[in-house]
Amino acid sequence: LSSQISCGSNIKVTVASSGEGATLDGQGETGLFYLSGGCSLTLRGLTLINGKAVNGGIVFAAGAGDIEIIESTVRDCSAVYDGGVVYARDSGAVSIISSTVSGCS
C-alpha cells in the first residue's frame, strides 16, 4: 500500500480472504487502516505486514467503533509512539482472536 485505507463513516467494514490468503503490506512506509466517525473494522484470514505509522502500525482509530483481527497473521509492524498493532482512542473494543502477532513494536 502507498497510503492507508480510510473509513470515516458509521459503518461496519469487513476485509476477509476468500480462503486463498491475502496480504496487505505497508512496505514499512504507511499504516494500513485509518478509522474515525464510528467506523468498525473486521479483518479476517489476512496477512498484515510491514505497517509503520506514528501511532497504530496496522490500525489507527480515533472515535471509531470496534476493531477485530481474526484468524490472521500480523508481523513486522511498528509505531513511533503508541500501538505497534492497533492504536484506539475514544473507540470501541479491540479484539485479536486466533491470530499470530510477531515482530511488532
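Scroll up a little and you will see the structure.
### Examining the overall build of the chain
Within the chain, the secondary structure is distributed over 0 helices and 14 strands. Helices and strands in the chain line up, N terminus first, as β-β-β-β-β-β-β-β-β-β-β-β-β-β. Radius of gyration (C-alpha) of the chain: 12 Å, near the 13 Å computed for a compact globule of 105 residues. In the chain, buried positions account for 39% of the 105 residues. Restricting to contacts in the chain with at least 6 residues of sequence separation, those with at least 24 account for 79%. Only carbon and sulfur atoms are counted for the fraction: they give 44% of the accessible area of the chain, which is about 5100 Å². The chain carries 5 positive and 9 negative side-chain charges, and their two centres are separated by 1 Å.

### Considering the packing of aromatic side chains
Under the defined criterion, the tally for this structure stands at 2 aromatic pairs. Measuring from centroid to centroid gives 5.1 Å for Tyr 34 and Phe 60, while their planes differ by 15 degrees, and the two rings are stacked. Residue Tyr 34 is located in strand S4 (residues 33–35), and its partner Phe 60 is located in strand S8 (residues 59–62); the two are separated by 26 residues in the primary sequence. Residue classification places Tyr 34 among the partly exposed positions, given a relative accessible area of 32%. Taken together through their ring pairs, the aromatic side chains of Tyr 34, Phe 60 and Tyr 87 make up a single cluster.

### Focus: the nonpolar core
By size, the foremost hydrophobic cluster in this structure holds 20 residues, and its most contacted members are Leu 35, Leu 43, Leu 48, Ile 58 and Val 59. Elements represented by at least two residues in this core include exactly S4, strand S5 (40–44), strand S6 (46–49), S8 and strand S9 (67–70). Setting aside anything within four residues of it in sequence, one finds Leu 43 in contact with Val 15, Phe 33, Leu 48, Val 59, Glu 68, Ile 69, Ile 70 and Ser 72.

Criteria and cut-off values
Here the residue index of a chain counts from 1 through its sequence in written order. Residue-level local features of this predicted model are given only where pLDDT is at least 70; pairs of side-chain atoms are given and counted only at 80 or more, and the full residue set underlies all totals for whole chains, interfaces and linings. Values reported for side chains reflect all heavy atoms of the structure, with hydrogen atoms and water molecules removed beforehand. By the criteria applied, helices consist of DSSP H or I runs no shorter than four residues and strands consist of E runs no shorter than two, each listed in order from the N terminus. Radius of gyration: C-alpha atoms only; globule rule: 2.2 Å multiplied by the number of residues to the exponent 0.38. A simple rule labels every residue: compare its accessible area, found with a 1.4 Å probe on the protein chains alone, to the largest value its type can have, and call it buried under 20%, exposed over 50%, or partly exposed in between. Contacts are residue-level and defined by heavy atoms, with any inter-residue pair within 4.5 Å sufficient. The Shrake-Rupley method, run with a 1.4 Å probe, gives the accessible areas here. Residue values count only the displayed protein chains as cover. We treat Lys and Arg as the positive residues and Asp and Glu as the negative residues; His and chain ends play no part in the count. Every charge is mapped to an atom, namely NZ of Lys, CZ of Arg, CG of Asp or CD of Glu. Pairs were defined over the aromatic rings of Phe, Tyr and Trp, the Trp ring being its six-membered one, requiring ring centres within 6.5 Å. Orientation was assigned from the angle between planes: stacked under 30 degrees, edge-to-face over 60, tilted for the rest. Buried Ala, Val, Leu, Ile, Met, Phe, Trp, Tyr and Cys residues that are joined via side-chain atoms within 4.5 Å together make up what is termed a nonpolar core.

By themselves, these observations are geometric and do not establish any function.
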